[in-house]
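Summary of the model geometry
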Amino acid sequence: MSSNTSTLENLKSIAKECRIDILNMLEKAASGHPGGSLSAIDIIVALFFSEMKMDPKNPFWEDRDRFILSKGHGVPALYAVLSQKGVIPKEELSTLRQINSRIQGHPDRAMLPFVEASTGSLGQGLSIAQGIAMGLKLQKKEQKVFCLLGDGETQEGQIWETAMSAPKFKLNNLIVFLDNNNGQIDGHVEEVMDLNPIAEKWRAFNWAVQEIDGHNFEEILGALAKAKQEKEKPSFIWAKTVKGKGVSFMENNIGWHGVAPNKEQLEKAINEIRGAKS
Amino acid sequence: MSDKATRDSFGEVIKQLGSEFKNIVVLDADLSVSTKSVTFAKAFPDRFFQMGIAEQNMIGTAAGLSFTGFVPFACSFGAFLAGRYETIRVSVGYSKANVKLVGTHSGLGIGDDGYTQMGLEDLNVLRSIPGMTLLNPADDVTTRAAVRWAATNEGPVYLRLTRQKLPALHKSESDFKVGKGIVLKEGKGLALFGTASTVVECLKASEALQDKTPWVVDFHTIKPIDRELIKRVASNSKVIITVEDHQVIGGLGTAVAEVLAEEGCSSKLIRLGVQDCYGESGDPKALYDKYGFSAKAVVEKANHALKNIL
Ligand SMILES: Cc1ncc(C[n+]2csc(CCOP(=O)(O)OP(=O)(O)O)c2C)c(N)n1
């Protein structure tokens, strides 16, 4: 693990700002999904600020790495990152979920650059990521395709079809994160439809599996570095996360899956995020 | 009667039916809180199956349950059920499975979540399945009647429900007869046909159009469509306007167009709804205006059409 301390500190402070942007957006929209946005944000920040080749000024640069947010409802996290990257003007974030806005409730590929797939119907993003990875290989390109899955999302059968096919096509350029926050809508993942044993399943399907803390930047970057060494296998990074991470009253509380904070809760949450030691 | 989302009516009545009929089972795919099947889940945990986010598996399982004599209600957002078209086509339709598909979150009426969560093509794709009854009720009373009908009649049913609240329009459950539109206003010259959330838009429009004496009809059943009623209305109407929170392709407007053409009716038909484009996030009322099927839009279209025809 070669990431130096200043990189890590920098990522932490960007993630803080993103958490605040996410909550501001949701409060303004008065709807949306805080829990899964906050559990995913650290991984997305690490990708966009430390890993992915991209040029904010040139969104359709052919040699960019790709990120597919398969769990589309977590899109406030992606909007926050794209805003920090200068792709989306900060003022525009406040149009989330409003009529005539590009900042749709779920990601719309046709409206915004760096939204590489229109997701929101769970289970579809991984196949798309696979297709992009296959296309890049055919073109003998070196770029990577990163994909973020919700844990509940992996109950969809289509996910397991890709789980089977990506190793067949030797897609070592496909790196998948599982945002394992153990929450979905009707309850905890273990009660709704248990996924365990997670690592064994993906290993049995011939993926290169790693297990990390999805809020620890050192571990995220370490796993990415290792995944890029894979010669044949696609990578599955099993990230243990906390739903609602960073806001004590949201953490591990299923009730915050799809409910926006009100003004008072927003203020409390922001104070907490600002006050937290990084 | 206060306004009520038809999904809430479903939640209440499915629980009642659950105690009346021990062969009713309910399946959901991690949306029981949203579809309201959670009421049944709490009352009859043994007859409720939480399938996780796996709609295709849920629908196939429902078919299997029906083959052992149960009456399964499989619930999710309409968009996600209709998305499993091929499973429905073979495991439910062709198999003549006694499965009741309950699709909530129909149309632009869900608002903020945006296109991926909106059931906008569900009627279109499921209308093509032979033998499937499509119900799209407009209020609490008719939703109750529709659920009861589905529970007690053999054959596959798609029940399309709203997230948003709708006003009470009908007096009693006996007003509802599958395959028969409900005439809310007899008219002459102009006709407004609504279904589910747009019936109230038609009613509001009819007030502004009073001097044009419009018919107002609630087409709660999209399939089988009420052919006789359409013929009767067409016989004295120059203009018929269908209004639906669904693509104009394949829903109420298309069903009415087919009857008008096949019966040789001369009424001009205007189909309001989503005009072969995608929906978006936003306030439901503003979306109905933007996409041109709010009461206001109906009035404008009606006036324009009548002026050009006379
Ligand atoms: C095909 C499909 N079925 C159902 C839904 C409704 N839905 C939205 S979010 C969600 C739960 C997602 O859980 P998970 O993937 O674990 O996401 P997270 O907890 O990270 O937010 C569900 C069921 C959907 N968007 N798509």
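Residues numbered from 1 in each chain as written. Chains lettered and ligands numbered in written order. Predicted model: local features only at pLDDT ≥ 70, side-chain atom pairs only at ≥ 80, totals over all residues. Heavy atoms only, no water.

With that out of the way, let us pick up the sheet that holds strand β2 (residues 145-150) of chain A. All names here are of chain A. In spatial order, the strands read β1-β2-β3-β5-β4; together these five strands make up an open sheet with parallel pairing. If you trace the sheet from one side to the other, it starts and ends with β1 (66-69) and β4 (208-213), each paired once. Adjacent strand axes in the sheet meet at a mean angle of 20° when their direction is disregarded. Most of the contacts of helix α4 (residues 125-138) go to β2, to which it runs at about 170°, and overall it touches β1, β2 and β3 (174-180). (Pairing = 2+ DSSP bridges. Helix = DSSP H or I, 4+ residues; strand = E, 2+ residues; numbered from the N terminus. Axes fitted to C-alpha atoms, helices over the stretch in contact; angles between N-to-C directions. Contact = heavy atoms within 4.5 Å.)

Here we take up the domain arrangement of chain B. Residue and element names in this part refer to chain B. Split by domain assignment, chain B resolves into domain 1 (4-166) and domain 2 (179-309). Centre-to-centre separation of domain 1 and domain 2, based on C-alpha positions: 26 Å. Listed as interface residues are 33 residues of domain 1 and, on the opposing side, 33 residues of domain 2. Carbon and sulfur atoms make up 58% of the surface buried where domain 1 meets domain 2, a total of about 2300 Å² over both sides. Interface area lost by domain 1 to domain 2 is led by Leu108, Arg127 and Asn136, which between them contribute 31%. Remark: the boundary between domain 1 and domain 2 carries one salt bridge. Of all the secondary-structure elements, those providing two or more residues to the side of domain 1 that touches domain 2 are α7 (122-127) and β6 (133-135). For the side of domain 1 that touches domain 2, the element with the highest residue contribution is α7, accounting for four residues. For the side of domain 1 that touches domain 2, a count of residues per class yields 13 nonpolar, 14 polar and six charged. (Domains from an automatic or database assignment. Buried area = accessible area lost by both parts, 1.4 Å probe. Salt bridge = Lys/Arg side-chain N within 4 Å of Asp/Glu carboxyl O. Nonpolar A, V, L, I, M, F, W, Y, C, P; charged D, E, K, R; others polar.)

We now examine unusual backbone geometry. Backbone torsion omega between Asn196(A) and Pro197(A) reads 0°, so that peptide bond is classified as cis. One can find Pro197(A) in the loop between α6 (189-193) and α7 (198-204). The linkage connecting Lys223(B) with the following residue, Pro224(B), adopts the cis geometry, with an omega of 0°. Counting through the fold element by element, Pro224(B) comes out in the loop between β12 (221-223) and α10 (227-234). If you check the backbone angles, Asp30(B) has positive phi at about 60° while not being a glycine.

Across all of its chains, the model carries 31 salt bridges over all chains by this definition. Three or more residues are tied together by salt bridges with common partners; here these are Arg227(B), Glu228(B), Lys231(B), Glu262(B) and Glu263(B).

This part is about the pairing of strand β2 (residues 24-28) of chain B. All names here are of chain B. Burial analysis of β2 places five of its five residues in the buried class, which makes it a mostly covered element. Here β2 shows no split at all, with Ile24, Val26 and Asp28 on one side and Val25 and Leu27 on the other all buried. Summarising the sheet, β2 and strand β4 (residues 71-77) pair through five bridges and their orientation is parallel. The residue of β4 that forms the bridge with leucine 27 is alanine 74. The pairing of β2 with strand β3 (residues 48-50) spans three bridges and is parallel. Residue pairing in the sheet places aspartate 28 in a bridge with glutamine 50 of β3. (Buried < 20%, exposed > 50% of the residue type's maximum accessible area, 1.4 Å probe, protein only.)

Turning to the nonpolar core, a few remarks are in order. Generally speaking, soluble globular proteins have nonpolar side chains that are buried together. Counting residues in hydrophobic clusters, the biggest one holds 61 residues, and the most contacted among them are Ile44(A), Phe48(A), Phe67(A) and Phe177(A). When neighbours within four sequence positions are excluded, Phe177(A) is seen to be in contact with Ile43(A), Leu47(A), Cys147(A), Leu148(A), Leu149(A), Ile212(A), Ile220(A), Leu224(A) and Ile237(A). Core analysis: the next-biggest nonpolar cluster, separate from the first, contains 40 residues, Ala97(B), Leu229(B), Ile230(B) and Val259(B) among them. (Core = buried A, V, L, I, M, F, W, Y, C linked by side-chain atoms within 4.5 Å.)

Residues and elements named next belong to chain A. Contact geometry for helix α1 (residues 5-29) and helix α3 (residues 75-84): axes closest at 9 Å, N-to-C directions at 120°. With respect to α3, the element α1 is oriented oblique. The handedness of the crossing between α1 and α3 comes out as right-handed. In contact with Ile14, Glu17, Cys18, Asp21, Ile22, Met25 and Leu26 of α1, α3 contributes Pro76, Ala77, Tyr79, Ala80, Val81 and Gln84. Each residue belonging to the contact of α1 with α3 can be placed in one class, and the counts come to ten nonpolar, one polar and two charged. (Parallel < 35°, antiparallel > 145°, perpendicular 65-115°, else oblique. Left-handed = near helix turned anticlockwise from the far one by under 90°.)

Put simply, chain B has an average pLDDT of 98, and 100% of its residues get 70 or more. Interface scoring of the predicted complex returns ipTM 0.94; its pTM is 0.96. (pLDDT = per-residue confidence, 0-100.)

Attention now moves to the site of the ligand. Taken together, the neighbourhood of the ligand is formed by 24 residues, with His73(A), Asp151(A), Gly183(A), Lys243(A) and Glu55(B) sitting nearest. The environment around the ligand is built from residues contributed by chains A and B. One of the side-chain N or O atoms of Asp151(A) is found 2.6 Å from an oxygen atom in the ligand. Between Gln117(B) and the ligand, the recorded distance is 3.5 Å, taken from a side-chain N or O atom to a nitrogen atom. When the ligand sits alone it has 590 Å² of accessible area, and the protein chains cover 99% of it. (Near = heavy atom within 4 Å. Polar contact = N/O pair within 3.5 Å; in protein donor to acceptor, adjacent residues only side chain to side chain. Areas by Shrake-Rupley, 256 points an atom, 1.4 Å probe, with all protein chains shown as cover.)

With that settled, the discussion passes to the side chain of Gln184(A). With respect to the element layout, Gln184(A) can be found in the loop between β3 and α6. Polar contacts involving the side chain of Gln184(A) include one to the side chain of Asp30(B), which spans 2.8 Å. Beyond its immediate chain neighbours, meaning those up to four positions away, Gln184(A) contacts Gly152(A), Gln155(A), Val189(A), Val192(A), Lys243(A), Ile254(A), His257(A), Asp30(B) and Ile53(B).

This brings us to the interface of chain A and chain B. Each side of the interface is counted separately: chain A has 24 residues, and chain B has 23 residues. Roughly 1800 Å² of surface becomes buried between chain A and chain B when both sides are summed, with 46% attributable to carbon and sulfur atoms. Counting the surface chain A buries against chain B, the share from its top three residues, Ile99(A), Glu156(A) and Asp186(A), is 30%. Here chain A is connected to chain B by two salt bridges. Here Glu156(A) ties to Arg84(B) by a salt bridge, and the two come within 3.4 Å at their closest N and O atoms. Across the contact surface, chain A and chain B share 20 residue pairs in polar contact (both at pLDDT 80 or more). Across the side of chain A that touches chain B, the residue classes break down as six nonpolar, 14 polar and four charged.

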